[in-house]
Amino acid sequence: MSKLFKKAWQLIAGDSNAVNLKMPAKRPLKQFTERELLQLESEIGSKIFGDVPAGHRREFFCLDDKTWIWYEEWKDPKTGKKMNTTVRYEVHGLRILKVQEGARYSFIEGPELDNLVAATTMYYEQVARHVYGVDPQTGKKLTPVAAS
Amino acid sequence: MRPKNPEILHYEQTSSTHEGAILSDGDGADFHNPFRSAELRSLNEAQQIRADADARPRPERPLTPVEESGLRVGRSAVNTAILRSRTVGLTQADFELAAGE
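Everything numeric in this text was worked out from a predicted model, so none of it was measured.

Cut-offs and rules
- Residues numbered from 1 in each chain as written.
- Chains lettered and ligands numbered in written order.
- Predicted model: local features only at pLDDT ≥ 70, side-chain atom pairs only at ≥ 80, totals over all residues.
- Helix = DSSP H or I, 4+ residues; strand = E, 2+ residues; numbered from the N terminus.
- Buried ≥ 20, exposed ≤ 12 C-beta atoms within 10 Å, placed from the backbone.
- Contact = placed C-beta atoms within 7 Å.
- Pairing = 2+ DSSP bridges.
- Axes fitted to C-alpha atoms, helices over the stretch in contact; angles between N-to-C directions.
- Core = buried A, V, L, I, M, F, W, Y, C linked by C-beta atoms within 7 Å.
- Expected span 1.5 Å × (residues − 1).
- Arc of directions from axis to C-beta.
- Parallel < 35°, antiparallel > 145°, perpendicular 65-115°, else oblique.
- Left-handed = near helix turned anticlockwise from the far one by under 90°.

### Some thoughts on the overall build of chain A
Scanning chain A from terminus to terminus reveals three helices and five strands. Along the chain direction, N to C, the helices and strands of chain A fall in the order α-α-β-β-β-β-β-α. Expressed as a percentage of its 148 residues, the buried residues of chain A come to 25%. Partitioning the contacts of chain A with sequence separation of at least 6, the portion at a separation of at least 24 is 25%.

Rendered as structure tokens:
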């Protein structure tokens, strides 16, 4: 298993010592780890494509400055067996390489690329606002709105 | 515990996201502040990500629609990675202080 894939898997599946993270309220002195931030981002990312079907678990997140990860987990209705699939979208110059299990590689275009552009744009905009509290256009900190 | 000089106290009370030099405790030794260290490390990483992205080669000709889309996907990844790397190691308190600036 490649190092990148291993990192992605650990971020998705977590480890036995990890706490189940929700929004970081009431934790003023605990430092954010990369994994916690990724989980917060992925909570937003998983909803970008609409409702997750019942019995499915979905993750969509930016792994690093060149990689997007889509992960979907579900139970096969016939066999009851747990199924999952991971797709990695890698930025190669100005093209996007789709990497799937079974050593399947293809540069994407057409509707799939259009959908990925929309999803990643929306992801950055929402994550910037709701996780990092900055304006996605200007990069300036958003001032919290006082409750009226 | 020795008393802290006013400059350090001011720093601790106000600084969480300001860029700048590593503070010294006045007698030549580096003033160790783990929050500040994490912040500086994060800022360096963020700058490195930006530098790497800027160094990626671009053709002189106009981009094709597919390339334009690829550029946008890459740009969202770079921007997200920069925000994340600037935040890793910060605390919620640092974060809220920064939001109030």
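### Quick word on the environment of Thr-33 of chain A
Residues and elements named next belong to chain A. Inspection of the secondary structure puts Thr-33 in the loop between α1 (3-13) and α2 (34-45). With 13 C-beta atoms counted inside 10 Å, the residue Thr-33 sits in the partly exposed group. C-alpha of Thr-33 to C-alpha of Lys-47: the two residues are 14 residues apart in sequence and 22 Å apart in space.

### Re the sheet that holds strand β2 (residues 67-75) of chain A
Residue and element names in this part refer to chain A. The strand order across the open sheet built from five strands is β1-β2-β3-β4-β5, with neighbouring strands paired in antiparallel fashion. Only two strands of the sheet have a single neighbouring strand rather than two, namely β1 (57-64) and β5 (104-107). In this sheet, neighbouring strand axes are inclined to one another by 15° on average, regardless of whether the strands run parallel or antiparallel.

### Considering the nonpolar core
Of all hydrophobic cores here, the largest spans 33 residues; its most connected members are Cys-62 of chain A together with Ala-77 of chain B. Elements that contribute at least two residues to this core include exactly α2, β1, β2, β3 (82-92) and α3 (110-130) of chain A together with α3 (65-87) of chain B.

### Concerning the interface of chain A and chain B
Reports of interface size often rely on the accessible area that becomes lost once the parts have come together. Between chain A and chain B, the residue contacts involve 39 residues of the former and 32 residues of the latter. Among the elements that make up the side of chain A that touches chain B, the one with the highest residue count is α3 of chain A (10 residues).

### A closer look at the environment of Glu-90 of chain A
Residues and elements named next belong to chain A. Relative to the elements of secondary structure, Glu-90 occurs in strand β3. In the structure, Glu-90 is positioned 29 residues away from Phe-61 in sequence and 12 Å away in space, judged by C-alpha atoms. Discounting residues that sit within four places of it in the chain, Glu-90 has contacts with Lys-66, Thr-67, Leu-97 and Val-99.

### Some remarks on unusual backbone geometry
Residue and element names in this part refer to chain A. Despite not being glycine, Ala-103 shows a phi value in the positive range, around 55°. Mapped onto the fold, Ala-103 is located in the loop between β4 (95-100) and β5. Note on Ala-103: 6 C-beta atoms within 10 Å, which makes it exposed.

### Side note on α3 of chain A
The end-to-end C-alpha separation of α3 of chain A is 30 Å, in line with the 30 Å expected for 21 residues at 1.5 Å each. Every buried residue of α3 of chain A is accounted for by Leu-113, Leu-116, Thr-120, Tyr-123, Tyr-124, Val-127 and Ala-128 of chain A. One side of α3 of chain A carries all its buried residues, which in axial view fall inside an arc of 115°. Facing away from the buried side of α3 of chain A, by more than 90 degrees, are the exposed residues Pro-111 and Asn-115 of chain A. If you follow the buried residues of α3 of chain A, they end up packed against α2, β1, β2, β3 and β4 of chain A together with α3 of chain B.

### Overview of the packing of α3 of chain A against α3 of chain B
Where α3 of chain A contacts α3 of chain B, the axes come no closer than 9 Å and their chain directions differ by 25°. With respect to their mutual orientation, α3 of chain A and α3 of chain B come out roughly parallel. When you trace α3 of chain A past α3 of chain B, the crossing you get is left-handed. Between α3 of chain A, through Leu-113, Asp-114, Leu-116, Val-117, Thr-120, Thr-121, Tyr-123, Tyr-124, Val-127 and Ala-128 of chain A, and α3 of chain B, the contact on the second element is made entirely by Val-66, Ser-69, Arg-72, Val-73, Ser-76, Ala-77, Asn-79, Thr-80 and Leu-83 of chain B.

### Things to note about the pairing of β2 of chain A
All names here are of chain A. Examined bridge by bridge, β1 and β2 share seven bridges and lie antiparallel to one another. Among the inter-strand pairings, Arg-58 is bridged to a residue of β2, identified as Glu-72. Here β1 folds back onto β2 in antiparallel fashion, the turn holding two residues. Here β2 runs beside β3; their pairing, made up of nine bridges, is antiparallel. Among the inter-strand pairings, Thr-67 is bridged to a residue of β3, identified as Glu-90. Hairpin geometry of β2 and β3 is characterised by an intervening segment of six residues between the two adjacent antiparallel strands and by a positive phi of about 75° at Gly-80.

Everything listed here is a matter of coordinates, which is why it stays silent on function.
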